[in-house]
Structures are given as C-alpha cells and as structure tokens.
Amino acid sequence: MDLHVDLKDRRDLAGQIYRGLRAQMLDGRLRGGERVPPTRELARRLGVSRNTVSVAYEWLAAEGLLTGRTRAGSFVQAPPREHPPRGRATAGVKLRPRAIWSELRTPRPPEPPARHDFRVGIPDATLFPFEAWRRLMARQLRASAMTAAYADPFGHPELREAVARHIGVSRGVRADATDVLITHGAQQALDLIGRVLLEPGDCVAVEEPGYPPARLLFQSLGARVVPVPVDAEGLDVSALPDDARLVYVTPSHQFPLGIVMSPPRRRALLDWARQRDAVVIEDDYDSEFRFGGRPLETLHSLDRSGRVLYVGSFSKVLLPSLRLGFLVAPPSLQRELGLAKQVSDSHSQLPAQAVLARFIDSGMLARHLRKTRREYELRHARLTEGLARHFGSGLRLLPSVAGLHLSATFARGGARLERTLTGQARAAGVGVEALSPYFAGTPTRHGWVLGYGALTLDGIDEGLRRLRASVAGAL
Ligand SMILES: Cc1ncc(COP(=O)(O)O)c(C=O)c1O
C-alpha cells in the first residue's frame, strides 16, 4: 500500500506518523482489514528510523486501531462506527472556469433504464462477441506483445490499415492507412476537428433537430452554433448561414429523424461548401446497419476538393464503452489533426486498437456485422409494423432504412401532449424519448425517437402493447 503521511518537520516524528495514520483510520480512508506497510518499508519511504515507525505502530495497537504485528504484517482494525465520515476535498476559493462553461446547458442525465426500454443509441450488449474479444485481448496483454513506449498518435498501423480497407469495401470511401486517424469514438474526432479548424466565434452549422453532443462540443470550443432545419431530403442547404466555417451532418441516417440525405442535396451541400470555402463533417455513425434501398455514395466520395472529413465509430457495431472511432483526414489537415490528438491524449489505448485490427483482419467483424444486421433488421421491421398496427395514422413514422432507431411524429398535438404521453409511458414501464429535446431552438415536430438496439422481438411487442395502453387512445 502506498501510504501517504505528511511530515511537517523533524520534531516528534513518531507522533506525526501516529496522528497521520490514526486520522486516516478514523475517517475511513484506511479501512478495516487493510495491511499497513512493514515498519522497515515505511521508515525508508519517510526517511525516518525504523524504530520511529515501530513506536507509532505500537501506540496505534495500544488504542486497538492496529492488530497483528506478526510476520504476516499489521492490519487496520475497523474503527468504531460513530466516527465522522471522511471529508470531501476542501471547497476552497471559487475558481473561475472560462465563461463558456457556465453558458453551456448541462445535458439531462439519462433516465434510469425502463422495463421496456426503447432507449436511443445503444446496441445490444448480448450480441457483443465477448469470447472472441477476450481471446484476442489476452493475446495482447503479454509482455511480448506490449511495449513500454508511447505509440503513434495517429493510431496502431494495423488498425489504420484495417479501417481503411473496411470503409473502402463497406462504404466506398477512398482512403489509405495514412489518411486514417484512430480516435476515442466519433466524439473525439469532432473535438480534434474543432480544435484544428475553429477560431472563437466561428460559425458552425448543425442539423435541427440534431445530435446534442456535437452541438455542445462545438459550443464548448467557443463556436457560434447555428441550427439549420432538416426536411424530407436532409439538411436544407438554402438555409445555411453564409459565414458557416464548418457544417456537421449525418447524411446516411440523420440523427435523430432517420432521413437519408438525397443525392441532389448532397451535391448542393458540396457546391455550397466549395463556394464558401467551408468544411463538411460527415458523421457516418451507424450506416453499417442498412436494411433496404440502394446505399448512397458518401459525401466524402462525391467530394473532389478535399473538404469533407469523414467520421466513423465502432460504438454501434461493437459497444460504445470501448470508445473506438476514427477520422479520415484530408492531406491538408493531417499534420494538425495528428498534433491535436497528441496534445489531447497522446494516442488511443493500444491493446484495444490491436484487438480491433485483428478482429477486422480475421473476418470476425464481417461475420459479426452479418449476424447483427440480420437481427437489427428484424427488430426494425417489427417496430415499424407494430407502431403502424397500434397507432395507425395517429403516429407518423419517418422513413428510415438504417441504424438502431427510428422517429415518429404525432399527427396532432404539440409539446404538452409529447410531455404528457412520454411521462405516462414511463409510468407504465416503457422508456421512449421525446423528440423535442433534440432541437436547439423551438421544436417544430413532436413525437418520439425509439431505439430498438436493446430490445428483443418479444420485448418490442410487449413494449408497444404497453405503450399503446399507456396513452389510452390519446393518439
Ligand atoms: C449522430 C451520432 N454520431 C456519433 C455517435 C457515436 O459517438 P461515439 O463514437 O463518440 O460513441 C452517435 C451515437 O449515438 C450518434 O448518434
């Protein structure tokens, strides 16, 4: 145990050690049963004689706070319960964060899991290939596979190679390993882009409704974030502010509406960006799960001018807690993005990167995707049919052929109805998310966003039955 004892001066050393340890025992930092360091070791660390530490230990033992004193060592004796609990860190002076942090709206904490949880944005953890991942990780966590040195900020070379191939095959993205930067999820990719491109006060256009974590991130970097409406074809390019330096979009599966950006809109956005010398971020966070329709070319592939930054994530394909994502960086920004990654966190954790590289290279990712896509396609169909059956024309399903969630708007009724029905559903054990919180400004649509990643087919059926009962004909 790395025990810290504050020695203020050289007087009464045994007393200082005794009082320091006693305080830690009484306030619970040192817990009953913990072994304290042998006298010789603590004496060496504190630069005092062994006898001094022995005296302190004897005083503690005399008070019944230390027992043992055998060859197995000395152990803390749990102190009586009535002692005050350990204090928090001193509140101290009020330190002042940058003004921007007090202007940001704190995201609402996630609701506790509901019994029937149509939570948005999470995959099914039970489909994760735990066995294979554990095996690959065990192979990495060996001295022969690890190095003590820091690694390349851009990422593990084999993973960069594997990701470049994976998105080349699955999404037609033209990139080689040197274009790929491995990040802690899509969120860090957005952060790096913002750090590299944005001056305080720069305008960033985001979709409305849109992805709150991206909005919040750009605001935190001091950008002026302007929400731009989304219609049936995706982002309304004609409504983009003239001075937008950066445009953040989710064209394959708009978040949260689920709309696919039409080809004319894609071209219009790229033309607009060329004319204004703006940069486009294409967040392709869940397009691996596409259940119908022809896949559309990514903005990145359509772009000939090197102004689209393609962002991807393994949060949906694998698990969000792994924090594995990537960024395809244009040559003109590669040095700066790599540097931003380096000053931010040196590099992403190496063993997980190596495991993912093996997972992709060995064909396990392709197999996992085939399996999960089949499963999610069934759930998507079940939810779509179920919503139509239970709610008829009272709920308008927005067209969606991909991802792990879909959106539906109420045929009539606004914010009040949305609040009431969402609350009634929760009271009945059904977790559905209201659409309005995804708007930065005044919501123009009301309804629900429903995730099906975490529900089985039976779970979807039962959840919908209860959802319908909870709204009792209000839709
Ligand atoms: C629009 C969008 N982008 C990205 C992500 C994934 O982010 P990350 O890779 O940081 O987990 C999500 C997850 O819900 C998302 O909805």
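Predicted model only: the values in this text are computed from it and were never measured.

**Structural notes on the packing of aromatic side chains**
- Evaluated as defined, the whole model comprises 13 aromatic pairs.
- Aromatic pair Tyr310 and Phe326: ring centres 6.4 Å apart, planes at 35 degrees, arrangement tilted. On the criterion of sequence distance, the pair formed by Tyr310 in strand β11 (residues 308–313) and Phe326 in strand β12 (residues 325–328) is long-range, its members being 16 residues apart. Each member of the pair, Tyr310 together with Phe326, is buried.
- For the ring pair Phe314 and Phe326, a centre distance of 5.9 Å and an interplane angle of 50 degrees mean the geometry is tilted. Here Phe326 lies in strand β12 and Phe314 lies in the loop between β11 and β12, a separation of twelve residues in the sequence. Take Phe314 and Phe326: they sit in the same class, and that class is buried.
- The rings of Phe128, Phe130, Trp133 and Phe359 are connected pair by pair, giving a single aromatic cluster.

**What about the domain arrangement of the protein?**
- Taken as a whole, the protein is organised into domain 1 (1–95), domain 2 (116–122 + 367–471) and domain 3 (129–362).
- For domain 1 and domain 2, the distance between their C-alpha centres works out to 56 Å.

**Here's the deal with helix α9 (residues 263–276)**
- Over its 14 residues, α9 extends 20 Å from the first C-alpha to the last, a length consistent with the 20 Å expected when each residue adds 1.5 Å.
- Among all positions of α9, only Arg265, Arg266, Leu269, Leu270, Trp272 and Ala273 are buried. Burial along α9 is one-sided: seen end-on, the buried residues are contained in an arc of 160 degrees. Away from its buried face by more than 90 degrees, α9 exposes Arg267 and Gln275.
- Summarising the contacts, the buried residues of α9 are in contact with β7 (224–231), β8 (234–235), β9 (244–249), β10 (279–283), α10 (299–302) and β11.
- A positive phi of about 55 degrees marks Asp277, the residue just after α9.

**Some words on the sheet that holds strand β5 (residues 180–183)**
- In space, the eight strands of this open sheet follow the order β5-β12-β11-β10-β9-β6-β7-β8, with mixed pairing throughout. Either end of the sheet is taken by a strand with one partner, and the two such strands are β5 and β8.
- Judged from the four bridges that link them, β10 and β11 form a sheet pairing that is parallel. For Val280, the partnering residue across the bridge sits in β11 and is Val308.
- Sheet strands touched by helix α11 (residues 334–345): β5, β11 and β12. Its angle to β5, the strand with the most contacts, is close to 20 degrees.

**Quick look at the pairing of strand β14 (residues 405–410)**
- Among the six residues of β14, six are classified as buried, and the element is accordingly described as predominantly covered.
- What you see with β14 is no split at all: His405, Ser407 and Thr409 on one side and Leu406, Ala408 and Phe410 on the other are buried throughout.
- In this structure, strand β13 (residues 395–397) lies alongside β14, joined through three bridges in antiparallel fashion. Paired with Leu397 across the bridge in β14 is Ala408.
- Bridge analysis of β14 against strand β17 (residues 447–451) gives five bridges, and the strand direction is antiparallel. Residue pairing for β17: Ser407 is matched across the bridge by Val449.

**Details of the packing of helix α14 (residues 415–427) against helix α15 (residues 457–471)**
- In contact at an axis separation of 9 Å, α14 and α15 are set at 125 degrees when each is read in the N-to-C sense. When the interaxial angle is binned, α14 and α15 end up oblique. The interaxial crossing formed by α14 with α15 has right-handed handedness. Across the interface between the two elements, Leu421, Gln424 and Ala425 from α14 touch Leu467, Ser470 and Val471 from α15.
- Considering only residue class, the contact of α14 with α15 consists of four nonpolar, two polar and no charged.

**Brief notes about unusual backbone geometry**
- In this chain, Glu208 is followed by Pro209 through a cis amide linkage whose omega measures 0 degrees.
- Assignment of secondary structure puts Pro209 in the loop between β6 (203–208) and α8 (212–220).
- With omega at 10 degrees, the peptide bond leading from Phe255 into Pro256 counts as cis.
- Relative to the helices and strands, Pro256 resides in the loop between β9 and α9.
- One non-glycine residue with positive phi stands out, namely Asp12, at about 45 degrees.
- With respect to the helices and strands, the residue Asp12 is situated in the segment before α1 (13–26).
- With phi around 70 degrees, Ser346 is a residue other than glycine that occupies positive phi space.
- Take Ser346: it is sitting in the loop between α11 and α12 (350–361).
- The exposure class assigned to Ser346 is partly exposed, which follows from its relative accessible area of 28%.

Calculation criteria
- Residues numbered from 1 in each chain as written.
- Predicted model: local features only at pLDDT ≥ 70, side-chain atom pairs only at ≥ 80, totals over all residues.
- Heavy atoms only, no water.
- Phe/Tyr/Trp six-rings, centres within 6.5 Å; stacked < 30°, edge-to-face > 60°.
- Helix = DSSP H or I, 4+ residues; strand = E, 2+ residues; numbered from the N terminus.
- Buried < 20%, exposed > 50% of the residue type's maximum accessible area, 1.4 Å probe, protein only.
- Domains from an automatic or database assignment.
- Expected span 1.5 Å × (residues − 1).
- Arc of directions from axis to C-beta.
- Contact = heavy atoms within 4.5 Å.
- Pairing = 2+ DSSP bridges.
- Axes fitted to C-alpha atoms, helices over the stretch in contact; angles between N-to-C directions.
- Parallel < 35°, antiparallel > 145°, perpendicular 65-115°, else oblique.
- Left-handed = near helix turned anticlockwise from the far one by under 90°.
- Nonpolar A, V, L, I, M, F, W, Y, C, P; charged D, E, K, R; others polar.

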